[in-house]
Amino acid sequence: MPGSCGFNICKKNDNALYLSAYIFICKTESIKKEFQNYMNIVPKTGFSGLRENWQSDLIAAFSVSMVALPLGLGIAIASGVQPMAGIISAIVGGLVTTFFRGTHLTINGPTAGLIAAILASIEVLDDGSGKTLNYVFAAIVVAGALQVIFGLLKVGKFADLFHSSVVHGILAAIGVIIFVKQIHIALGTHTESTHIVDTMIDAFYQLPNANPFVLVISIVGLLLLIFHSKISYKFFHFLPAPMWVMILSIPFVYAFNFFEPHSLNFLGKSYDLGPSLLINIPDNILDAVILPDFSIINTLPFWTSVLSIAIIASIESLASAKAVDKMDPYKRKSNLNKDLVAVGISTMVSGAIGGLPIINVIVRSTVNIHNAAKTKWSNFYHGALLLVFIFLLAPVIQKVPLCALAILLVYTGFKLASPKVFKHVYSQGIEQLLFFSGTLVITLMTNLLVGLFGGLLLVLVTHLLLAKMPVRRFFSSIYYTESKLEKQENGNYHITIKGIANFLATLKIEKLLNQIPYGANATIDFSSARLVDFSILEHMYEFQRSHAITGGRLVISGLENHSSVTDNKLALKISRSAITKLNHRQIKLKGLADSYGWNFKTGSRENISYFETFHFFKTRPVEKNINTILSEEKGWEISDIQFEEGGYHLQEEYKTTLCLIKAGEKIPKFTIEKKAFPEKYLNLWRHRDIDYSLYEKFSNDFIVKVQDEKAMKEFITGRFKRLVKRSTVIHHLESNGEAILLFTDNLKLSTLEDYADIAKFADAIHKLIQKKAVSSSEVGI
């Protein structure tokens, strides 16, 4: 919000952020209108939100339930419990959690992240009595009770003390465990190995013994998962990829007759087939209920299981909630402590009837957001739909082979620990790769709890060595620093951070940040900090983004006096004098700018949150904006940007070049997109929540959506059409009402050869808008 408009902010219903109606200075009508528009579009909460948004929430819930059904079954089987345990937890997550939680668009249910914890619990609680699963469900109930206590004690804030690289290392280890445990089922092989490394090696040696009749189903499923988003045929997008994996596996079951035990020959070898390779669920959901047994509650293995489940579930749930907040197009904030109570209560209910622990799940939450859900009721609908589906589809599910669900989890496990994940972590600094990899190895060699605290110890020791300080002074520099908040004479706020700013200092620094009033301008000065950790910088930039929504401006300064091993803005910073050197691309861009008389700067624009006024970036946070070439005279700038798609461990990072053209006056809001532009990234047709309509009078080569068709007809002249059609660099144009955003290609940075064409197009558009403005003023418009 521009600085000419002041306003108050209050919280209502403890979870939704609203702007109060008090505007004490408002110089322009456009700002007042923008304020009123914001007030109107934020969905209502409670039963008012249910009445207002039931259609959009129900449509989103249908898509979510189509993803939740196969994943719930697969997660349960991979966890070593009955398949219905995953569905029970998903149903409870929808029907129970919705009424207690403090989040808006998250989906609650079972998660692959707890597979390792449940498997470990089964192993340590197996006393030969035949009651192992009863003990495990008792541990789940007690873990849920612990989470309720965590929430009531308001310990949600302590989730920030767990270093991000360590948490991602835990998730990568879980991914490896899932992959290794499920690959044998996908191959149709068997192993006697119990250690994760031995099981992985065994999978390689067992490849020649793979069952071809099982393997063909797994391969078809894997291809569907990989290429589903790239298939242009719209029929395939009616259902999500996991549902297609289940559906298309059934014809193979009939073709190979999995319904009765028998053998089939292939290349001279015989392979066993039969009902044991199919999902086993009861016809009646009540038959799946398993009651917990608390008779071993006084044993160490029981409490080890409880702590593992409670801690891992809480960390992942809170991290997912924060990731979903970043993707929420309405920028609402979750009440994390209230949410801990909610998932704890529902986990207790789930465990009491034979279900898995319940958390906020990022995969289904992302599907929920991309299908235009508006309120928490989409989570309730998803639970209700699953209840209906399991009653109606039980006979069909019983015909799905286990390998189809196994390949879903193999794919999920691979994505959690893929080379791309390692590359992304490495881009944040070699030290982050050390923390990530170290945590992964410790976890695989021991267990989740040891991996978590071992990873944190590794981070702490590394920081101690990098800071080159005695141990006592090191910890004093974390907890007993002179970091402070000051209010300056001009009304702005200044925070000085001193000493060691690492993950242990998060709560202390957050306390200072929370004293900054909504809408205020502030500066965070790190120039006196000896070390600034990745986790602190991650928190700072997130606070900067959220504070901008309130109308405030937060400047992060002092980092120019620090150095890091990579130019990633989140990389760990060590205080020392650094010589700034231009990289190869920057040298070329500066030379290009000088030759044309343009300005060039390497740093980020101060108001990076401005990109969020464009619909494309409402759910795709811009992380970095650098290497800007600009023409102040013509009102445009061309920048390299880095933005995120998705959240948490499913986060994808993209770099592209875009051009921002300032109109200088009010123009219609629109989106113009080449039909070749990857639908996967724009999801234009899924944005049902914006009041845009299809405009079909432009060109057959472009998809055009407009907010005001009449205004657009006046804006689109013959010359404007020709400019767009003839341009070789345009893939996507979007107006936010006062500026136009031009995408060249959202998957790569533009070459220097493209810059001249982009600038030429920007000059022409700017000139056209100015000419139209002059013409309008002459006729008194």
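Below you will find a few notes about this structure. (Residues numbered from 1 in each chain as written. Predicted model: local features only at pLDDT ≥ 70, side-chain atom pairs only at ≥ 80, totals over all residues. Heavy atoms only, no water.)

**With respect to the overall build of the chain**
Step number 1: A count of helical and extended segments in the chain gives 25 helices and 21 strands.
Step number 2: In the chain, which comprises 781 residues, the share counted as buried stands at 56%.
Step number 3: Of the contacts formed within the chain by residues at least 6 apart in sequence, a portion of 72% connects residues at least 24 apart.
Step number 4: Surface summary for the chain: the accessible area is close to 34000 Å², and the carbon and sulfur share equals 59%. (Helix = DSSP H or I, 4+ residues; strand = E, 2+ residues; numbered from the N terminus. Buried < 20%, exposed > 50% of the residue type's maximum accessible area, 1.4 Å probe, protein only. Contact = heavy atoms within 4.5 Å. Areas by Shrake-Rupley, 256 points an atom, 1.4 Å probe, with all protein chains shown as cover.)

**Examining a negative patch on the surface**
Step number 1: A surface patch of like charges, here negative, comprises E696, D708, E709 and E714.
Step number 2: Inspection of the secondary structure puts D708 in the loop between β19 (702-706) and α23 (709-715).
Step number 3: Its relative accessible area of 41% is what places D708 among the partly exposed residues. (Patch = residues over 30% accessible without salt bridge, like charges linked within 9 Å, V, L, I, M, F, W, Y side chains within 5 Å. Salt bridge = Lys/Arg side-chain N within 4 Å of Asp/Glu carboxyl O. Lys, Arg positive; Asp, Glu negative; His and termini not counted. Charge placed at Lys NZ, Arg CZ, Asp CG, Glu CD.)

**Section: the side chain of D57**
Step number 1: Residue position: D57 is located in helix α2 (residues 46-78).
Step number 2: Buried charge D57 goes without a salt bridge, the closest partner of opposite sign being K374 at 6.9 Å.
Step number 3: Polar contacts involving the side chain of D57 include one to the side chain of T375, which spans 2.5 Å.
Step number 4: The residues touching D57, leaving out its near neighbours within four places in the chain, are A373, K374, T375, W377, S378 and Y381. (Polar contact = N/O pair within 3.5 Å; in protein donor to acceptor, adjacent residues only side chain to side chain.)

**Structural notes on a positive patch on the surface**
Step number 1: Taken together, the side chains of R719, R722, R726, K767 and K771 define a basic patch exposed on the protein surface.
Step number 2: Within the secondary structure, K767 sits in helix α25 (residues 752-778).

**So, the packing of α2 against helix α13 (residues 377-397)**
When two helices pack together, their arrangement is given by the angle between the helix axes and by the axis-to-axis distance.
Step number 1: Running from N to C, α2 and α13 point in directions that differ by 40°, and their axes come no closer than 6 Å. As judged from the angle between their axes, α2 and α13 are oblique. The two elements α2 and α13 cross, and the hand of that crossing is right-handed.
Step number 2: Here the residues of the contact of α2 with α13 are counted per class, giving 19 nonpolar, five polar and one charged. (Axes fitted to C-alpha atoms, helices over the stretch in contact; angles between N-to-C directions. Parallel < 35°, antiparallel > 145°, perpendicular 65-115°, else oblique. Left-handed = near helix turned anticlockwise from the far one by under 90°. Nonpolar A, V, L, I, M, F, W, Y, C, P; charged D, E, K, R; others polar.)

**Some details on a nonpolar patch on the surface**
Step number 1: A grouping of V197, I201, F204, Y205, L207, V441 and M445 is seen on the molecular surface, where their side chains present a nonpolar patch of about 730 Å² in accessible area.
Step number 2: If you list the elements that add at least two residues to the nonpolar patch, you get α7 (196-205) and α16 (430-445).
Step number 3: With four residues, α7 is the largest single contributor of residues to the nonpolar patch.
Step number 4: Tracing the backbone shows V441 in helix α16.

**Concerning the packing of helix α6 (residues 164-187) against helix α17 (residues 448-467)**
Step number 1: Packing of α6 against α17 leaves a shortest axis separation of 9 Å and a crossing angle of 145°. For α6 against α17, the interelement crossing comes out right-handed. Contacts between α6 and α17 involve V166, I170 and I174 from the former and L448, G451, L452, G455, L456 and V459 from the latter.
Step number 2: Among the residues making up the contact of α6 with α17, the classes are represented as seven nonpolar, two polar and no charged.

**Section: the packing of aromatic side chains**
Step number 1: Applying the stated criterion across every chain yields a total of 30 aromatic pairs.
Step number 2: Ring geometry for F213 against Y271: centres 6.3 Å apart, planes inclined by 70°, an arrangement best described as edge-to-face. Linking F213 in helix α8 (residues 212-227) with Y271 in strand β5 (residues 269-273), this pair joins segments that are 58 residues apart in sequence. Of the two residues examined, F213 and Y271, each falls in the buried class.
Step number 3: The structure contains a cluster of three or more aromatic residues connected by ring pairs, namely F213, F252, F256, F258, F266 and Y271.
Step number 4: The ring of W377 is capped by K376, whose NZ or CZ atom sits 5.7 Å from the centre of that ring. (Phe/Tyr/Trp six-rings, centres within 6.5 Å; stacked < 30°, edge-to-face > 60°. Lys NZ or Arg CZ within 6 Å of the ring centre and 35° of its normal.)

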